Amino acid sequence: MRKILKFLNQYHLYVLALFLFFIILFQLEVKLPLSRYIAIVFSCIVFFLLIILIKYEREKSILKYQLSYKNTDNEIKINAIGKAALFIVHDLKNPMSTIQTLVEMANTDQISKEERIRNLTMVYREIQRLNDMAHEILDFVKEKLILKLEKVKLDSFLSEVCDFLKIDFQYANVDFQMDLQYTKAITIDREKVRRVIINIAKNALEAMQNSQIKNKFTISTKQLGNAVLISLVDTGSGISKSIQKRIFNDFVTEGKPNGSGIGLYMAKATMDAHGGTIEYHTEAGVGTTFNLIFSLEEKDEKNINR
Amino acid sequence: MKKILIVEDQAPVAKIMEEILKKGGYEVYTAVNGQVGIERAIEIKPDFIFTDIMMPVKTGYDLLKELRVLPEFQTLPIYAISAKGGTKDAEAATAVGATGFLPKPFSPGTVLELVKKILS
(Lines give C-alpha, C1' and ligand atoms only; values in the text may rest on other atoms or scores of the structure.)
Protein backbone atom coordinates (compact mmCIF):
# COMPACT_ATOMS: atom_id res chain seq x y z
CA MET A 1 0.00 0.00 0.00
CA ARG A 2 2.82 2.35 0.96
CA LYS A 3 4.51 1.59 -2.35
CA ILE A 4 1.34 2.40 -4.28
CA LEU A 5 0.95 5.68 -2.37
CA LYS A 6 4.59 6.53 -3.02
CA PHE A 7 4.15 5.76 -6.72
CA LEU A 8 0.98 7.90 -6.87
CA ASN A 9 2.74 10.69 -5.05
CA GLN A 10 5.65 10.64 -7.50
CA TYR A 11 3.65 10.16 -10.69
CA HIS A 12 0.23 11.59 -9.75
CA LEU A 13 0.12 13.92 -12.75
CA TYR A 14 0.57 11.07 -15.22
CA VAL A 15 -2.01 8.88 -13.41
CA LEU A 16 -4.43 11.78 -13.37
CA ALA A 17 -3.88 12.38 -17.10
CA LEU A 18 -4.55 8.71 -17.87
CA PHE A 19 -7.65 8.71 -15.68
CA LEU A 20 -8.99 11.83 -17.43
CA PHE A 21 -8.24 10.28 -20.83
CA PHE A 22 -10.45 7.26 -20.01
CA ILE A 23 -13.22 9.46 -18.55
CA ILE A 24 -13.27 11.52 -21.76
CA LEU A 25 -13.42 8.36 -23.83
CA PHE A 26 -16.39 7.09 -21.79
CA GLN A 27 -18.08 10.52 -21.79
CA LEU A 28 -17.80 10.69 -25.57
CA GLU A 29 -19.22 7.14 -25.63
CA VAL A 30 -16.52 6.18 -28.04
CA LYS A 31 -17.03 2.58 -28.90
CA LEU A 32 -13.70 1.05 -29.45
CA PRO A 33 -12.92 -2.60 -29.84
CA LEU A 34 -11.37 -4.28 -26.80
CA SER A 35 -8.06 -4.71 -28.64
CA ARG A 36 -7.83 -0.90 -29.03
CA TYR A 37 -8.40 -0.42 -25.26
CA ILE A 38 -5.71 -2.97 -24.54
CA ALA A 39 -3.36 -1.20 -26.98
CA ILE A 40 -3.99 2.19 -25.30
CA VAL A 41 -3.40 0.76 -21.79
CA PHE A 42 -0.28 -1.04 -22.99
CA SER A 43 1.15 2.13 -24.59
CA CYS A 44 0.42 4.07 -21.39
CA ILE A 45 2.28 1.46 -19.35
CA VAL A 46 5.27 1.67 -21.74
CA PHE A 47 5.11 5.46 -21.52
CA PHE A 48 5.17 5.26 -17.69
CA LEU A 49 8.06 2.82 -17.69
CA LEU A 50 10.02 5.10 -20.00
CA ILE A 51 9.47 8.11 -17.72
CA ILE A 52 10.49 6.07 -14.66
CA LEU A 53 13.60 4.81 -16.46
CA ILE A 54 14.66 8.33 -17.56
CA LYS A 55 14.15 9.70 -14.03
CA TYR A 56 16.11 6.80 -12.50
CA GLU A 57 19.04 7.24 -14.90
CA ARG A 58 19.14 10.98 -14.28
CA GLU A 59 19.18 10.56 -10.49
CA LYS A 60 21.84 7.86 -10.76
CA SER A 61 24.12 10.08 -12.84
CA ILE A 62 23.68 13.04 -10.44
CA LEU A 63 24.47 10.75 -7.48
CA LYS A 64 27.49 9.35 -9.30
CA TYR A 65 28.79 12.87 -9.97
CA GLN A 66 28.23 13.91 -6.36
CA LEU A 67 29.96 10.79 -5.02
CA SER A 68 32.95 11.18 -7.30
CA TYR A 69 33.23 14.81 -6.28
CA LYS A 70 32.86 14.21 -2.57
CA ASN A 71 34.98 11.12 -2.30
CA THR A 72 38.14 12.41 -3.91
CA ASP A 73 40.26 13.74 -1.09
CA ASN A 74 42.55 15.63 -3.40
CA GLU A 75 39.67 17.41 -5.13
CA ILE A 76 38.34 18.57 -1.77
CA LYS A 77 41.79 19.77 -0.79
CA ILE A 78 42.36 21.60 -4.05
CA ASN A 79 38.92 23.17 -3.74
CA ALA A 80 39.63 24.23 -0.17
CA ILE A 81 43.06 25.49 -1.18
CA GLY A 82 41.26 27.76 -3.61
CA LYS A 83 39.34 29.25 -0.69
CA ALA A 84 42.51 29.59 1.39
CA ALA A 85 44.43 30.97 -1.60
CA LEU A 86 43.71 34.56 -0.65
CA PHE A 87 45.43 34.11 2.70
CA ILE A 88 48.31 32.14 1.21
CA VAL A 89 48.86 34.77 -1.50
CA HIS A 90 48.87 37.48 1.14
CA ASP A 91 51.47 35.50 3.10
CA LEU A 92 53.59 35.12 -0.04
CA LYS A 93 53.32 38.79 -0.93
CA ASN A 94 54.94 39.98 2.29
CA PRO A 95 58.34 38.29 1.82
CA MET A 96 58.25 39.12 -1.89
CA SER A 97 57.74 42.82 -1.26
CA THR A 98 60.44 42.75 1.44
CA ILE A 99 62.89 41.18 -1.02
CA GLN A 100 62.04 43.78 -3.65
CA THR A 101 62.66 46.71 -1.28
CA LEU A 102 65.86 45.14 0.10
CA VAL A 103 67.26 44.55 -3.38
CA GLU A 104 66.48 48.16 -4.29
CA MET A 105 68.28 49.29 -1.14
CA ALA A 106 71.29 47.10 -1.90
CA ASN A 107 71.46 48.57 -5.40
CA THR A 108 72.41 52.08 -4.22
CA ASP A 109 75.75 53.55 -3.22
CA GLN A 110 74.27 55.06 -0.09
CA ILE A 111 74.66 51.99 2.12
CA SER A 112 77.78 50.59 3.76
CA LYS A 113 79.23 47.14 3.13
CA GLU A 114 77.96 45.90 6.53
CA GLU A 115 74.46 47.15 5.79
CA ARG A 116 74.53 45.49 2.39
CA ILE A 117 75.59 42.16 3.96
CA ARG A 118 72.85 42.50 6.60
CA ASN A 119 70.24 43.27 3.94
CA LEU A 120 71.31 40.33 1.80
CA THR A 121 71.08 38.05 4.87
CA MET A 122 67.49 39.29 5.26
CA VAL A 123 66.86 38.57 1.56
CA TYR A 124 68.13 35.02 2.10
CA ARG A 125 65.84 34.63 5.11
CA GLU A 126 62.82 35.86 3.17
CA ILE A 127 63.59 33.49 0.28
CA GLN A 128 63.75 30.68 2.82
CA ARG A 129 60.31 31.74 4.09
CA LEU A 130 58.91 31.64 0.54
CA ASN A 131 60.51 28.26 0.01
CA ASP A 132 58.94 26.93 3.23
CA MET A 133 55.49 28.15 2.21
CA ALA A 134 55.77 26.63 -1.26
CA HIS A 135 56.90 23.24 0.11
CA GLU A 136 54.20 23.22 2.73
CA ILE A 137 51.46 23.78 0.16
CA LEU A 138 52.96 21.11 -2.13
CA ASP A 139 53.19 18.60 0.74
CA PHE A 140 49.63 19.39 1.70
CA VAL A 141 48.23 18.69 -1.76
CA LYS A 142 50.30 15.54 -2.32
CA GLU A 143 48.69 12.26 -1.34
CA LYS A 144 51.87 10.92 0.20
CA LEU A 145 54.23 12.62 2.61
CA ILE A 146 57.66 11.40 1.57
CA LEU A 147 60.41 11.84 4.14
CA LYS A 148 64.06 12.46 3.31
CA LEU A 149 65.57 11.02 6.45
CA GLU A 150 69.04 11.98 7.60
CA LYS A 151 71.00 12.03 10.84
CA VAL A 152 70.81 15.51 12.33
CA LYS A 153 72.64 16.78 15.41
CA LEU A 154 69.65 18.07 17.33
CA ASP A 155 71.20 21.01 19.22
CA SER A 156 72.93 22.53 16.17
CA PHE A 157 69.82 21.98 14.07
CA LEU A 158 67.55 23.71 16.60
CA SER A 159 70.02 26.58 17.13
CA GLU A 160 69.87 27.22 13.39
CA VAL A 161 66.05 27.16 13.41
CA CYS A 162 66.00 29.50 16.42
CA ASP A 163 68.33 31.97 14.69
CA PHE A 164 65.73 32.16 11.94
CA LEU A 165 62.92 32.77 14.48
CA LYS A 166 64.68 35.16 16.84
CA ILE A 167 64.23 38.30 14.69
CA ASP A 168 60.43 37.96 14.92
CA PHE A 169 60.44 37.28 18.67
CA GLN A 170 62.80 40.13 19.45
CA TYR A 171 60.70 42.49 17.35
CA ALA A 172 57.56 41.45 19.28
CA ASN A 173 59.47 41.99 22.57
CA VAL A 174 59.18 38.32 23.56
CA ASP A 175 61.95 36.72 25.62
CA PHE A 176 63.36 33.77 23.62
CA GLN A 177 64.95 30.99 25.69
CA MET A 178 66.72 27.76 24.66
CA ASP A 179 67.54 24.76 26.84
CA LEU A 180 68.95 22.16 24.46
CA GLN A 181 70.03 19.25 26.68
CA TYR A 182 70.01 16.55 24.00
CA THR A 183 73.14 17.02 21.90
CA LYS A 184 73.30 13.74 19.92
CA ALA A 185 71.99 13.08 16.41
CA ILE A 186 68.46 11.93 15.58
CA THR A 187 67.07 10.63 12.28
CA ILE A 188 64.57 13.10 10.83
CA ASP A 189 63.55 14.93 7.68
CA ARG A 190 65.38 18.15 8.41
CA GLU A 191 63.26 20.53 6.31
CA LYS A 192 59.89 19.12 7.35
CA VAL A 193 60.69 19.14 11.09
CA ARG A 194 62.08 22.65 10.68
CA ARG A 195 58.69 23.71 9.28
CA VAL A 196 56.85 22.00 12.20
CA ILE A 197 58.89 24.02 14.72
CA ILE A 198 58.51 27.28 12.79
CA ASN A 199 54.73 26.79 12.51
CA ILE A 200 54.30 26.13 16.23
CA ALA A 201 56.59 29.08 17.09
CA LYS A 202 54.68 31.39 14.74
CA ASN A 203 51.38 30.40 16.37
CA ALA A 204 52.94 31.01 19.79
CA LEU A 205 54.07 34.46 18.70
CA GLU A 206 50.54 35.32 17.55
CA ALA A 207 49.17 34.14 20.91
CA MET A 208 51.63 36.32 22.84
CA GLN A 209 50.61 39.69 21.41
CA ASN A 210 47.54 40.34 23.47
CA SER A 211 49.13 40.60 26.86
CA GLN A 212 50.57 43.40 28.96
CA ILE A 213 53.18 41.13 30.60
CA LYS A 214 56.66 40.36 29.26
CA ASN A 215 56.08 37.13 27.36
CA LYS A 216 58.48 34.22 27.11
CA PHE A 217 58.98 31.43 24.58
CA THR A 218 61.12 28.44 25.51
CA ILE A 219 62.38 25.65 23.33
CA SER A 220 63.92 22.71 25.18
CA THR A 221 65.05 19.15 24.48
CA LYS A 222 65.69 16.12 26.67
CA GLN A 223 65.88 12.35 26.42
CA LEU A 224 62.88 10.35 27.63
CA GLY A 225 63.94 6.68 27.73
CA ASN A 226 64.12 5.57 24.11
CA ALA A 227 62.76 8.85 22.77
CA VAL A 228 63.65 12.52 22.47
CA LEU A 229 61.29 15.25 23.58
CA ILE A 230 61.26 18.72 22.01
CA SER A 231 59.10 21.10 24.06
CA LEU A 232 57.88 24.47 22.84
CA VAL A 233 56.37 26.53 25.65
CA ASP A 234 54.71 29.94 25.35
CA THR A 235 53.09 32.28 27.85
CA GLY A 236 50.36 33.35 25.44
CA SER A 237 46.58 33.48 25.60
CA GLY A 238 46.08 29.71 25.12
CA ILE A 239 44.12 27.85 22.47
CA SER A 240 40.44 28.73 22.40
CA LYS A 241 38.14 25.93 23.64
CA SER A 242 36.06 26.10 20.46
CA ILE A 243 38.94 24.77 18.33
CA GLN A 244 40.87 22.61 20.83
CA LYS A 245 39.44 19.29 19.60
CA ARG A 246 39.95 20.19 15.94
CA ILE A 247 43.36 21.80 16.21
CA PHE A 248 45.09 19.21 14.00
CA ASN A 249 42.37 19.25 11.33
CA ASP A 250 43.04 21.09 8.11
CA PHE A 251 41.75 24.64 7.63
CA VAL A 252 41.19 25.19 11.36
CA THR A 253 42.42 28.65 12.26
CA GLU A 254 41.49 31.34 14.73
CA GLY A 255 42.69 34.79 15.71
CA LYS A 256 45.21 35.10 12.89
CA PRO A 257 44.44 37.67 10.20
CA ASN A 258 46.03 35.49 7.51
CA GLY A 259 45.84 31.98 8.93
CA SER A 260 45.46 29.30 6.26
CA GLY A 261 44.85 26.51 8.81
CA ILE A 262 47.42 24.22 7.22
CA GLY A 263 50.31 24.57 9.71
CA LEU A 264 49.26 22.30 12.58
CA TYR A 265 47.63 19.80 10.24
CA MET A 266 50.98 19.42 8.47
CA ALA A 267 52.78 19.29 11.84
CA LYS A 268 50.66 16.27 12.85
CA ALA A 269 51.13 14.62 9.44
CA THR A 270 54.91 15.13 9.67
CA MET A 271 55.10 13.70 13.20
CA ASP A 272 52.94 10.71 12.17
CA ALA A 273 55.19 10.06 9.17
CA HIS A 274 58.21 10.06 11.52
CA GLY A 275 56.44 7.54 13.76
CA GLY A 276 56.49 10.24 16.42
CA THR A 277 53.88 12.03 18.50
CA ILE A 278 52.64 15.59 18.80
CA GLU A 279 50.63 16.64 21.85
CA TYR A 280 49.71 19.88 23.55
CA HIS A 281 48.56 21.30 26.87
CA THR A 282 46.88 24.68 26.98
CA GLU A 283 45.42 26.96 29.62
CA ALA A 284 43.65 30.24 28.98
CA GLY A 285 45.80 33.17 30.03
CA VAL A 286 48.70 30.92 31.08
CA GLY A 287 49.99 29.58 27.79
CA THR A 288 50.44 26.54 25.60
CA THR A 289 53.02 23.75 25.48
CA PHE A 290 53.57 21.65 22.38
CA ASN A 291 55.55 18.44 22.80
CA LEU A 292 57.17 16.69 19.85
CA ILE A 293 58.32 13.17 20.68
CA PHE A 294 60.69 11.31 18.34
CA SER A 295 61.55 7.66 18.86
CA LEU A 296 65.27 6.90 18.96
CA GLU A 297 64.76 3.48 17.36
CA GLU A 298 66.47 3.18 13.98
CA LYS A 299 64.05 3.65 11.09
CA ASP A 300 64.31 3.04 7.37
CA GLU A 301 63.40 5.47 4.63
CA LYS A 302 59.67 6.00 5.03
CA ASN A 303 56.97 6.54 2.51
CA ILE A 304 53.81 6.78 4.51
CA ASN A 305 50.29 7.62 3.41
CA ARG A 306 48.61 10.47 5.19
CA MET B 1 63.49 65.63 15.35
CA LYS B 2 60.15 64.51 13.91
CA LYS B 3 58.75 61.25 15.27
CA ILE B 4 57.40 58.48 13.06
CA LEU B 5 55.51 55.44 14.31
CA ILE B 6 55.47 52.24 12.23
CA VAL B 7 52.71 49.79 13.15
CA GLU B 8 53.51 46.49 11.41
CA ASP B 9 53.40 42.86 12.52
CA GLN B 10 56.01 41.62 10.04
CA ALA B 11 59.44 42.18 11.57
CA PRO B 12 61.36 42.41 8.25
CA VAL B 13 58.99 45.05 6.82
CA ALA B 14 59.19 47.12 10.02
CA LYS B 15 62.99 46.83 10.13
CA ILE B 16 63.36 48.01 6.54
CA MET B 17 61.06 51.00 7.05
CA GLU B 18 62.86 51.83 10.27
CA GLU B 19 66.21 51.79 8.48
CA ILE B 20 64.97 53.95 5.58
CA LEU B 21 63.38 56.55 7.85
CA LYS B 22 66.26 56.70 10.33
CA LYS B 23 68.57 57.47 7.42
CA GLY B 24 66.18 60.26 6.45
CA GLY B 25 66.81 61.83 9.84
CA TYR B 26 63.63 60.84 11.67
CA GLU B 27 63.11 59.40 15.13
CA VAL B 28 61.47 56.03 14.51
CA TYR B 29 59.28 53.90 16.79
CA THR B 30 57.68 50.54 16.01
CA ALA B 31 54.63 48.63 17.25
CA VAL B 32 53.87 44.97 16.58
CA ASN B 33 50.06 45.20 16.19
CA GLY B 34 47.15 47.64 16.17
CA GLN B 35 46.63 47.49 19.94
CA VAL B 36 50.30 48.22 20.74
CA GLY B 37 50.21 50.87 17.99
CA ILE B 38 47.35 52.76 19.70
CA GLU B 39 49.16 52.63 23.06
CA ARG B 40 52.48 53.78 21.54
CA ALA B 41 50.78 56.58 19.59
CA ILE B 42 49.16 57.98 22.75
CA GLU B 43 52.47 57.64 24.62
CA ILE B 44 54.91 59.16 22.10
CA LYS B 45 52.58 61.50 20.15
CA PRO B 46 54.16 60.94 16.72
CA ASP B 47 54.13 63.38 13.80
CA PHE B 48 53.37 60.65 11.26
CA ILE B 49 52.03 57.08 11.46
CA PHE B 50 52.42 54.20 8.99
CA THR B 51 50.07 51.35 9.78
CA ASP B 52 49.72 47.92 8.24
CA ILE B 53 46.13 46.72 7.73
CA MET B 54 46.10 42.96 8.37
CA MET B 55 47.49 42.50 11.89
CA PRO B 56 46.62 40.30 14.88
CA VAL B 57 44.81 41.59 17.99
CA LYS B 58 43.75 44.88 16.36
CA THR B 59 43.91 45.68 12.65
CA GLY B 60 44.99 48.90 11.00
CA TYR B 61 41.31 49.75 10.52
CA ASP B 62 40.74 49.42 14.29
CA LEU B 63 43.72 51.66 14.96
CA LEU B 64 42.42 54.32 12.58
CA LYS B 65 38.92 54.23 14.05
CA GLU B 66 40.14 54.45 17.63
CA LEU B 67 42.75 57.15 17.08
CA ARG B 68 40.60 59.40 14.90
CA VAL B 69 38.06 59.94 17.70
CA LEU B 70 40.79 61.40 19.94
CA PRO B 71 41.22 65.18 19.44
CA GLU B 72 45.04 65.09 19.13
CA PHE B 73 44.91 62.50 16.30
CA GLN B 74 42.15 63.97 14.16
CA THR B 75 44.48 65.72 11.70
CA LEU B 76 47.63 63.61 12.13
CA PRO B 77 48.89 62.05 8.87
CA ILE B 78 48.22 58.30 9.09
CA TYR B 79 49.14 56.26 6.02
CA ALA B 80 47.89 52.70 5.59
CA ILE B 81 50.39 50.18 4.15
CA SER B 82 49.34 46.82 2.83
CA ALA B 83 50.43 43.94 0.63
CA LYS B 84 46.84 43.94 -0.66
CA GLY B 85 47.25 46.75 -3.15
CA GLY B 86 43.65 46.88 -4.38
CA THR B 87 41.59 50.05 -4.72
CA LYS B 88 38.96 48.59 -2.38
CA ASP B 89 41.49 48.33 0.45
CA ALA B 90 42.65 51.87 -0.15
CA GLU B 91 39.04 53.08 -0.14
CA ALA B 92 38.25 51.11 3.03
CA ALA B 93 41.28 52.62 4.78
CA THR B 94 40.38 56.14 3.67
CA ALA B 95 36.80 55.59 4.81
CA VAL B 96 37.98 55.00 8.39
CA GLY B 97 40.27 58.01 8.36
CA ALA B 98 43.53 57.13 6.59
CA THR B 99 45.26 60.16 5.02
CA GLY B 100 46.57 57.94 2.22
CA PHE B 101 47.53 54.42 1.18
CA LEU B 102 51.00 53.02 0.46
CA PRO B 103 50.95 49.63 -1.30
CA LYS B 104 53.74 47.09 -0.67
CA PRO B 105 56.30 46.71 -2.14
CA PHE B 106 57.50 50.28 -1.75
CA SER B 107 60.84 51.75 -2.79
CA PRO B 108 62.97 53.52 -0.16
CA GLY B 109 62.77 56.73 -2.21
CA THR B 110 58.94 56.70 -2.28
CA VAL B 111 58.70 56.35 1.50
CA LEU B 112 61.13 59.20 2.20
CA GLU B 113 59.62 61.50 -0.41
CA LEU B 114 56.14 60.91 0.97
CA VAL B 115 57.14 61.67 4.56
CA LYS B 116 59.16 64.74 3.55
CA LYS B 117 56.26 66.10 1.48
CA ILE B 118 53.68 65.59 4.22
CA LEU B 119 55.81 66.86 7.08
CA SER B 120 57.22 69.92 5.32
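Note that the structure is a prediction, hence the values are computed from the model and not measured. (Residues numbered from 1 in each chain as written. Chains lettered and ligands numbered in written order. Predicted model: local features only at pLDDT ≥ 70, side-chain atom pairs only at ≥ 80, totals over all residues. Heavy atoms only, no water.)

A. Geometry of the pairing of strand 8 (residues 287-295) of chain A. Residues and elements named next belong to chain A. Within strand 8, eight of the nine residues are buried, leaving the element largely enclosed by the surrounding structure. Strand direction decides the pairing type here: strand 6 (residues 227-234) and strand 8, joined by eight bridges, are antiparallel. Residue pairing for strand 8: I230 is matched across the bridge by L292. Hairpin geometry of strand 7 (residues 277-283) and strand 8 is characterised by an intervening segment of three residues between the two adjacent antiparallel strands and by a positive phi of about 80 degrees at G285. (Buried < 20%, exposed > 50% of the residue type's maximum accessible area, 1.4 Å probe, protein only. Helix = DSSP H or I, 4+ residues; strand = E, 2+ residues; numbered from the N terminus. Pairing = 2+ DSSP bridges.)

B. Examining helix 8 (residues 263-273) of chain A more closely. Counting buried residues in helix 8 of chain A gives nine out of eleven residues, a clear majority hidden from the surface. All buried positions along helix 8 of chain A are accounted for by A:G263, A:L264, A:Y265, A:M266, A:A267, A:A269, A:T270, A:M271 and A:A273.

C. How the structure looks around the nonpolar core. Core analysis: the largest hydrophobic core is formed by 44 residues, its most contacted members being A:F157, A:F169, A:I197, A:F217 and A:L292. Elements that contribute at least two residues to this core include exactly helix 5 (154-171), strand 4 (185-188), helix 6 (190-207), strand 5 (216-224), strand 6, helix 8 and strand 8 of chain A together with helix 1 (11-23) of chain B. Ranked by the residues each element gives to this core, the list is headed by helix 5 of chain A, at nine residues. Not counting residues within four places of it along the chain, the set of residues in contact with A:F169 comprises A:V174, A:F176, A:A201, A:L205, A:M208 and A:F217. (Core = buried A, V, L, I, M, F, W, Y, C linked by side-chain atoms within 4.5 Å. Contact = heavy atoms within 4.5 Å.)

D. Region of the structure containing the pattern of salt bridges. Under the criterion given, the structure shown has 18 salt bridges over all chains. In this structure, B:E19 engages A:R118 in a salt bridge whose closest nitrogen and oxygen atoms are separated by 2.6 Å. Placement of the pair is B:E19 in helix 1 and A:R118 in helix 4 (residues 113-141), with the two residues belonging to separate chains. Among the ionic pairs, A:E126 bridges to A:R125, the shortest N-O distance being 3.3 Å. Of the residues examined, A:R125 reaches a relative accessible area of 7% and is grouped as buried. Three or more residues joined by partner-sharing salt bridges are found here, namely A:R125, A:E126, A:R129 and A:D168. (Salt bridge = Lys/Arg side-chain N within 4 Å of Asp/Glu carboxyl O.)

E. Spatial organisation of the confidence of the model for chain B. Residue and element names in this part refer to chain B. Across chain B, pLDDT averages 91, with 98% of residues at or above 70. For chain B, per-element mean pLDDT is lowest for helix 4 (residues 87-95), which scores 84, and highest for strand 1 (residues 3-7), which scores 97. Two numbers describe this predicted complex: its pTM, 0.70, and its ipTM, 0.83. (pLDDT = per-residue confidence, 0-100.)

F. Examining the interface of chain B and chain A more closely. Listed by partner, the interface residues are 30 residues for chain B and 30 residues for chain A. Summing both partners gives a buried area of about 2,500 Å² for chain B against chain A, and 60% of it is carried by carbon and sulfur. If you sort the residues of chain B by the area they bury against chain A, B:P12, B:I16 and B:E19 come out on top, with a joint share of 21%. In this assembly, chain B and chain A are joined by two salt bridges. Here B:K23 makes a salt bridge to A:E115, at a shortest N to O gap of 3.0 Å. Between the two partners, chain B and chain A, sit seven residue pairs in polar contact (both at pLDDT 80 or more). Elements that contribute at least two residues to the side of chain B that touches chain A include exactly helix 1 and strand 2 (27-31) of chain B. Counting residues per element, the side of chain B that touches chain A draws most heavily on helix 1 of chain B, which supplies nine residues. Split by residue class, the side of chain B that touches chain A holds 17 nonpolar, five polar and eight charged. (Buried area = accessible area lost by both parts, 1.4 Å probe. Polar contact = N/O pair within 3.5 Å; in protein donor to acceptor, adjacent residues only side chain to side chain. Nonpolar A, V, L, I, M, F, W, Y, C, P; charged D, E, K, R; others polar.)

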